[in-house]
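Structure assessment
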Amino acid sequence: MGRTIIGEEAFPKIIEQYNAGGKTAAYDYLRSEYGIKHPYFVLNRIKECGKYSYDADTDHFSGINTGAADGIFMDLDELCGTTTLAAVHQSDPAADTRPAAMEKLVHELISDRLLTLSRYITLDSSTRTILIDQTSLTADGYQVVTH
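Residues numbered from 1 in each chain as written. Predicted model: local features only at pLDDT ≥ 70, side-chain atom pairs only at ≥ 80, totals over all residues. Heavy atoms only, no water.

This part is about the pairing of strand β4 (residues 129–132). Examined bridge by bridge, strand β3 (residues 121–124) and β4 share four bridges and lie antiparallel to one another. Looking at the pairing, I121 lines up with I132 of β4. As consecutive antiparallel partners, β3 and β4 are separated by four residues, and within that stretch R128 has a phi angle of approximately 55°, a positive value. (Pairing = 2+ DSSP bridges. Helix = DSSP H or I, 4+ residues; strand = E, 2+ residues; numbered from the N terminus.)

Rendered as structure tokens:
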């Protein structure tokens, strides 16, 4: 008995079954139509082929890209941001945005501090030397302490 090979032309129908009825519906479809014993690997192939985007949070395939030229342009959902808004409204917005906002704030504070320090301190890795402009540091109100 030979192996059943499912070509990429069947992927849109499988994705339609998956989005409509979930994983079990797609598995049942693959078992009944193609006689596949282990449909997990077919869905894994669809996720890894790169033509279709899978969102694990919503457990759906969101967009179907048919050609290389289509990947250049944004579709209307991407342009309006409706796909990301639907995912945000389903989950608790406060729980999702706080860590991201806090991470952004910490990143900005660290960037500002490093930018300030870069005016006074220069690292030369080739000679393994640290150059510190003590005159500018003291003029700007900093104290230089060595130990």
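Following the structure, the description resumes.
Here the focus is the pattern of salt bridges. This model, assessed by the stated rule, comprises two salt bridges. E16 is paired through a salt bridge with K13; the nearest N and O atoms lie 3.8 Å apart. Of this pair, E16 and K13 both sit in helix α1 (residues 11–34), three residues apart, which is roughly one turn of that helix. (Salt bridge = Lys/Arg side-chain N within 4 Å of Asp/Glu carboxyl O.)

It is worth spelling out unusual backbone geometry at this point. In the Ramachandran plot, D59 falls in the positive-phi region, its phi being about 55° despite a non-glycine side chain. Mapped onto the elements, D59 comes out in the loop between β1 (52–55) and β2 (60–64). Despite not being glycine, R128 shows a phi value in the positive range, around 55°. Looking at the secondary structure, you find R128 in the loop between β3 and β4.

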